[in-house]
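Observations on the model geometry
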Amino acid sequence: MSGLKRTLKEIRRYPSAIAGVAIIVLLIGIAIYAMVTIPYSEAIRLWRGGEDVWYKTPKNARPLWSNWLSTTKLPPTIVQNSREGDVEKSVEVVDAEKNMIDITFDFVFDYAYDDFPREITVFFEADYVEKPPYLSLVWLTPDGREIRVGDFTASRSGSYRVSQDQKLQRRLGGLLPHVGLFADPESEEPAPLQGTYTLQVSGLVFEEGADVDAELVMYGQVHGLAGTDHLRRDLMVALLWGTPIALAFGLLAAVGTTVTTLVIAAVSTWFGGWVDEIIQRVTEVNLILPLLPILIMVGTFYSRSIWLMLGVIILLSIFGAGIKTYRAVFLQVKESPYIEAARAYGAGDMRIVLRYLVPRIIPLLVPQLVILVPTFVFTEASLAVLGLGDPTLPTWGKVMNEAYNGGALYQGLYYWVMEPAVLLMLTGLAFALVGFSLDRIFNPRLRGV
Amino acid sequence: MEKKAESSLSRIAKYMGVRLVFLAFTVVIGVYLTIIIANMGGYVDNIRRGAIREGIAFQVAEDQAFRQMSQEQKNEFIGEMIRIEEERLGLNRPFILRSFGFLTDALTLNLGRAENMTSDSGSKQVRLILLERLPATLVMWGLANLILFFLSLFIGLALSRRYGSFLDRAVIALTPTSSAPAWFYGLFLILIFAAILKVLPFGGMVDAPPPDNRVQYGLSLAKHLILPTTAIIIGALFLNAYNYRTFFLIYSSEDYVEMAKAKGLSDREIERRYVLRPTLPNIITNFALLLITLWQGAIILETIFNWPGLGRAYFTAIGLFDTAVIVGNTVIFAYLLAITVFLLDFVYAVVDPRVKIAGGKGGG
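1. A look at the overall build of chain B
For chain B, the count of helices and strands is 13 helices and 0 strands. When the helices and strands of chain B are read in sequence order from the N terminus, they spell out α-α-α-α-α-α-α-α-α-α-α-α-α. For chain B, the C-alpha radius of gyration of 26 Å lies well beyond 21 Å, the compact-globule estimate for 364 residues. Viewed in the frame of its principal axes, chain B has a C-alpha envelope of about 95 × 60 × 40 Å. Taking all 364 residues of chain B together, 38% fall into the buried category.

Here is the structure:
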């Protein structure tokens, strides 16, 4: 216990170690926050849900904070729903005999952004028995123009993709509807006219008790703190959930490989002779085996499960490079008097290896273990970048893989690559900082030089 | 004098012989492991069956003698031929026996036929597909690692001279950067120099279309090499330089260095004769281990930079699920790792006096 205290005291002398510990604590905080606020099943649903989960989010939207860095203010997504009381419905009987009732409501919103929305869609729902209602949409601009958007017969549930209405596009002089509806007629280059816009929806129903509801979704160019990808998914889910996965994978792999290596090294030195010889040779062979290609084969042929990869990594690192270092220390320890004492009282081989040899190496082992964590975090990311990421879990590497495949860097969607990259870098840096400092504390031989 | 020179040469030869046998053994194990992993799902069998089927179908289609046969007869005939051929090659024997057949095939680079990929010259031979891509990988990795080695050596020496200076501390502070692999820095470099500054290409090996003129081709290649090599170097430089610096510091506190100083030798001379020389074997062993890691990073770095090498072939093969190419590529990687280690062993044997005196006992 006092040893631990002394270590903690020593760590305080290294500012880089403190920074590292702070980042690790922050990452663990994010991991816990992710697991508490978004339960696993919810995270999977949000990540793999399909269009009905993501229909209200824009494609490839930048994060909100990109607006703070730039002078052009990009629009966020604007959503108004008549069912949720965002607008007031007025009902007017047109023809009482034929049961013709006009239900109208206005979506009113301020538009003070320097660029156009990405898409406009009106989702609608209609309650009727036989005769479907007839919807007409009219667009009012801040400078008082009135543009007929579209008239159509509503089905029970459907959507009207304003952005893809070719007739409207012709009426707007060839401009894409989501551009044309906002464009300032005075300006030569299409630029949005700022001010208050209104979308008037009027639904003519032909039955008593029939009703229409609509939801206006104007997909913006910014969304949330993390932005979205090409499938409209909020990247925040993957960034948050990637944290516990990366930490768990890195830590488990580091602990698994170091512990097995350690035991093998102890066995090798304790038994000596041909056991030692064989273990030495196997280690040398193992060092030159292509680990990543083997992982790629396992991933392609059998399963991409992250836990299988973990198992294979540990299996192939049993005879890892660490054996040589540990062996050197064990050879010294083996000759210590207390080992002789243990032998004298009749301790068995396994008892001496596990109870007397292994604990002596902990000071050397701990820094090594911490330094190894980033290696495995990056291994997992590497596999994901190659397209061998776990099929269900949202991980940082998979986001990068999708960003790469989606041409994020060519299209200027830097946030898509950089957010997971920065998190990976923080993780790697934090563990490396702590590990290198621990190494200097535990192995003072190096401190002088 | 002459006799002594000859005997140290023969000692080096003997040492290299031992290493060669060991590395050959390693390659055999690596390849055998590859076969076992790959064939747990019967994939190697499928690669071979595919090759046999295609060969026989082609033969039958070409041969005038079979023109008269109806399609049904032809299919029956092909089926029979395949059965005989599979029997001849022993595909119906137990796996243990078969696996040695595969091993010989793999070791002689008889890697079968690709399912979906073709080489640029249009061949479906996995060996041709991969060998065609080898030069691209070697150019990038050879260049990057040469620069990395000498730059680390130079910086390490400079730091050991200025031990404790600001520069020394700065490099120590930067060592954690080496925990990220090269492809990771590649992403940042692409972002800065290709996407934002637009001064260097995003990836690829030469401009499209490739220049006809040799000089221009070389210039274009050089331009495309800058970012990937820089990424490799950044990813390993600081930790490497730090390690070398520590080696130099340990060796420059030896008594014989003090002695040389007392004799009044110049700093340069002391460095070259008494510090660099005894440190080199350690440095080379260290570099060999680093290269093994770096080789594997090639797979992803080439993917990120769209570099038409072996790593990129892996990426394409995974995308197309081309098992023959994946297995073949792993075999080539096993060879490349062993060859790299062998070359460094040779350098080791030349610089480490212990090898010349004691033969194979130098350690590796």
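Moving on from the model shown.
2. Here's the deal with the interface of chain A and chain B
Counting residues at the interface gives 40 residues for chain A and 43 residues for chain B. Elements that contribute at least two residues to the side of chain A that touches chain B include exactly α9 (273-287), α10 (291-301), α15 (362-388), α17 (408-411) and α18 (414-442) of chain A. In the side of chain A that touches chain B, the residues fall into 33 nonpolar, 7 polar and no charged.

3. What about the domain arrangement of chain A?
In terms of domain boundaries, chain A breaks down into domain 1 (2-47 + 233-446) and domain 2 (72-219). One C-alpha centre belongs to domain 1 of chain A, the other to domain 2 of chain A; they are set 55 Å apart.

4. A few points about the confidence of the model for chain A
On average, residues of chain A score 86 in pLDDT, and 98% of them reach the 70 mark or higher. Of all secondary-structure elements in chain A, the lowest mean pLDDT belongs to helix α4 (residues 51-54) of chain A, at 74, while helix α2 (residues 15-37) of chain A reaches the highest, 93.

5. Concerning the environment of Ile11(A)
All names here are of chain A. Structurally, the position occupied by Ile-11 is in helix α1 (residues 2-11). Judged by local crowding, Ile-11 falls into the partly exposed class, with 16 C-beta atoms found within 10 Å. Placed 423 residues apart in sequence, Ile-11 and Val-434 show a C-alpha to C-alpha distance of 8.6 Å. Sequence-distant contacts of Ile-11, that is, excluding residues within four places in its chain, are made with Ala-17, Ser-437 and Ile-441.

6. What to know about the pairing of strand β6 (residues 146-153) of chain A
Residues and elements named next belong to chain A. Of the strand pairs in this sheet, strand β5 (residues 134-140) and β6 are connected by 7 bridges, and their pairing is antiparallel. Each bridged residue has a counterpart across the sheet, and for Tyr-134 the counterpart in β6 is Thr-153. Here β5 folds back onto β6, and the loop between the two strands holds 5 residues, one of which, Gly-144, carries a positive phi near 85°.

7. Notes on the confidence of the model for chain B
All names here are of chain B. Looking at chain B, the pLDDT average stands at 84 and 95% of residues meet or exceed 70. At the level of individual helices and strands, chain B shows its lowest average pLDDT in helix α13 (residues 353-358), which scores 73, and its highest in helix α5 (residues 126-161), which scores 92. The low-confidence segment residues 360-364 (pLDDT under 50) makes 12 contacts with residues lying over four places distant or belonging to another chain. As scored by the predictor, the complex reaches a pTM of 0.84 and an ipTM of 0.81.

8. A few points about the environment of Thr77(A)
Relative to the helices and strands, Thr77(A) is located in the loop between α5 (66-69) and β1 (78-81). If near-sequence neighbours (up to four positions away) are discounted, Thr77(A) is found in contact with Lys56(A), Thr57(A), Pro58(A), Val217(A), Met218(A), Tyr219(A), Gly220(A) and His223(A).

9. A word on the sheet that holds strand β9 (residues 211-219) of chain A
All names here are of chain A. Within the open sheet, the 4 strands sit side by side as β1-β9-β4-β7. Their pairing is antiparallel. Whereas interior strands pair on both sides, the edge strands pair on one side only; in this sheet they are β1 and β7 (157-161). Ignoring which end each strand starts from, the neighbouring axes of this sheet average 15° apart. Of the pairings in the sheet, the one linking strand β4 (residues 119-127) to β9 comprises 9 bridges and is antiparallel in character. The partner of Phe-123 across the bridge, within β9, is Glu-215.

10. A few points about the packing of α15(A) against α18(A)
Residues and elements named next belong to chain A. Across the interface, α15 lies against α18 with an axial gap of 8 Å and an inter-helix angle of 165°. On the basis of the axis angle, α15 is roughly antiparallel to α18. When the axes of α15 and α18 are compared, the crossing they make is left-handed. Seen from α15, the contacting residues are Pro-363, Leu-364, Val-366, Pro-367, Val-370, Ile-371, Val-373, Pro-374, Val-377, Phe-378 and Ala-381; seen from α18, they are Leu-424, Thr-427, Gly-428, Phe-431, Ala-432, Val-434, Gly-435, Phe-436, Leu-438, Asp-439 and Phe-442. A per-class count over the contact of α15 with α18 returns 18 nonpolar, 3 polar and 1 charged.

Criteria and thresholds
Residues numbered from 1 in each chain as written. Chains lettered and ligands numbered in written order. Predicted model: local features only at pLDDT ≥ 70, side-chain atom pairs only at ≥ 80, totals over all residues. Helix = DSSP H or I, 4+ residues; strand = E, 2+ residues; numbered from the N terminus. Rg over C-alpha atoms; globule rule 2.2 N^0.38 Å. Buried ≥ 20, exposed ≤ 12 C-beta atoms within 10 Å, placed from the backbone. Contact = placed C-beta atoms within 7 Å. Nonpolar A, V, L, I, M, F, W, Y, C, P; charged D, E, K, R; others polar. Domains from an automatic or database assignment. pLDDT = per-residue confidence, 0-100. Pairing = 2+ DSSP bridges. Axes fitted to C-alpha atoms, helices over the stretch in contact; angles between N-to-C directions. Parallel < 35°, antiparallel > 145°, perpendicular 65-115°, else oblique. Left-handed = near helix turned anticlockwise from the far one by under 90°.

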